[in-house]
Amino acid sequence: MAHRINMKDIAREAGVSVATVSYIINKRSDQSIAPDTVARVNEAIKKLGYVPNLGARALANRKTRLIGLVIPQAETGSRMMLENSFYGEFIAVLEEVLRQSGYSLLLSGEDVNKSYVELARERALDGIVVVGLPADQDARLLLEENIPLVFVDSYLEGNAYSSVNIQDEEGGYLACDYLIKNGHRNIAFVSGFLTQEGVNRKRFRGYGKALSENGIGEKEEYVLSGRISYSYGIEAGRQIAAMKVRPTAVFATADILALGIMRGLKSEGLRVPRDVSLIGFDDGFLAMSAEPSLTSIHQDAGQKARVTARLLFAQIDKGAACIENLVLPLSLTVRDSVRRI
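Calculation rules
Residues numbered from 1 in each chain as written. Predicted model: local features only at pLDDT ≥ 70, side-chain atom pairs only at ≥ 80, totals over all residues. Heavy atoms only, no water. Helix = DSSP H or I, 4+ residues; strand = E, 2+ residues; numbered from the N terminus. Buried < 20%, exposed > 50% of the residue type's maximum accessible area, 1.4 Å probe, protein only. Contact = heavy atoms within 4.5 Å. Areas by Shrake-Rupley, 256 points an atom, 1.4 Å probe, with all protein chains shown as cover. Axes fitted to C-alpha atoms, helices over the stretch in contact; angles between N-to-C directions. Parallel < 35°, antiparallel > 145°, perpendicular 65-115°, else oblique. Left-handed = near helix turned anticlockwise from the far one by under 90°. 1 Å grid on protein atoms, 1.4 Å probe; cavity = no way out; pocket = protein on both sides within 12 Å on 5 of 7 lines; lining within 4 Å. Points joined across faces, edges and corners; volume = space filled by probe spheres on them. Nonpolar A, V, L, I, M, F, W, Y, C, P; charged D, E, K, R; others polar.

Asks: Quick question: what am I supposed to make of the overall build of the chain here?
Replies: Regarding its fold elements, the chain presents 14 helices and 12 strands. Per-residue burial over the chain gives 50% buried out of 341 residues. Taking all contacts inside the chain whose residues are at least 6 apart in sequence as the whole, residues at least 24 apart take part in 69%. About 16,800 Å² of surface is accessible on the chain, with carbon and sulfur atoms providing 49% of the total.

Asks: What exactly am I supposed to notice about the packing of helix H9 (residues 168-181) against helix H10 (residues 199-213) here?
Replies: Packed helices, taken two at a time, are described by the angle their axes make and the gap between the axes. Close contact between H9 and H10 brings their axes to 6 Å; oriented N to C, the two are set at 40°. Classed by the angle they form, the pair H9 and H10 counts as oblique. The handedness of the crossing between H9 and H10 comes out as right-handed. Contacts from Asp 168, Glu 169, Gly 172, Tyr 173, Cys 176, Asp 177 and Ile 180 in H9 reach Val 199, Lys 202, Arg 203, Arg 205, Gly 206, Tyr 207, Lys 209, Ala 210, Leu 211 and Glu 213 in H10.

Asks: Can you help me understand empty space enclosed by the protein in this one?
Replies: Leftover empty space is mapped by rolling, across the atoms, a probe with the size of a water molecule. Counting across every chain of the model gives one cavity of 30 Å³ or more. Of the voids in this model, the largest cavity is the one considered here, and its volume is about 40 Å³. Around the largest cavity, the lining residues are Arg 185, Asn 186, Ile 187, Tyr 207, Leu 211, Ile 216, Gly 217, Lys 219 and Tyr 222. For the lining of the largest cavity, the residue count by class is five nonpolar, two polar and two charged.

Next up, the structure:
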C-alpha cells in the first residue's frame, strides 16, 4: 500500500514543526506565523501532493466542515431545482462562498413528508440553509437541534432564527402596477401553490393591492396556481387563451412559469406581447434569453446567497447571539414582453 503523505512528511520537507504545519493547514487565526514559513510549508504541500484527511479532521475537531442546503419540495415529483434558474444561481454562488471558507455543500431536495432534521443528524452538519420552508413546525424541529441555521424565502413566526427574504409583496405590486400603467385592467395572476403564508401569497397580496389602488376588482378566474414549472406554465397559458374574456396581461411569479405561459399561448395562436402582455419574476438568464425578452421583477440571487453565507458563518463563530432577519430590495427590469394598450 502506498504511503499516505501526512503532516510529519510536510514538516520534514519544510524544516518546521508538525504543530506549525497543523496551524497552517487548519488556517488557525490565533497563531502568528511568518509569511516565508507559510510559503515554505505550502510549497512542501504542493511538492509532496498532500491531500487532507477530512474524515480524520472532522473527528479531531468535532466539525465536518459540511453545510446542508435543503430545498423542500412542494409536491412529489417536482423538479423545480433543475428547472428554475434562480436555484441554479443561488446554489452556485453559495457553494463558491462556502468553498472559499473551507466548507463543502451538501444539497438535498427533501420530500414534503420527510423530516429535515434527519439530514442534520445523519450527516453531523455544521450548519443548514433551508430555502422555502413551508411550515413553522419544521422550523421548530430544526431549531431544537441547536445547529446554525439560516432560512431563505421562509415566512415563519418569531425571530429565533436568521432569515433572508426579499420584498415579495412589493414585487407583486411593482409587476401589477407596471401593467396597469401600460393600460391593462384585465390582468391574470399565475403562481405556485398559494399556501397560507409564503412567497407566492406575498406576491399575490402585492398584485391585489395594485388592483385595489386603481379601482380594479380581483377576478377569481384570473388567479391560477399550481407547480412552479415550465409544464404548468404551458397549461396555464392554454387556460388563459381559452378564457371567454381573455386577460390582456399576465403576471407570473417565476420566470420559468412565464416562459411556459408564453409557449402555451403560442400553441393556441397567441403572441406575446401582441395579444397578451407578460411579466415574470426573478430576472435570471431565462428572462434575458426569452423571445421576446421578458420584463421581470429583478432579485439578486447571488447577493442573497452571499448574505445567507455571512449570516451562517456568524452563527457558526458566535452562536445564537448573531441572529439577523434581513429583507433585500427588488427592482423592475423592463424588456420586450409588455405592450402599451
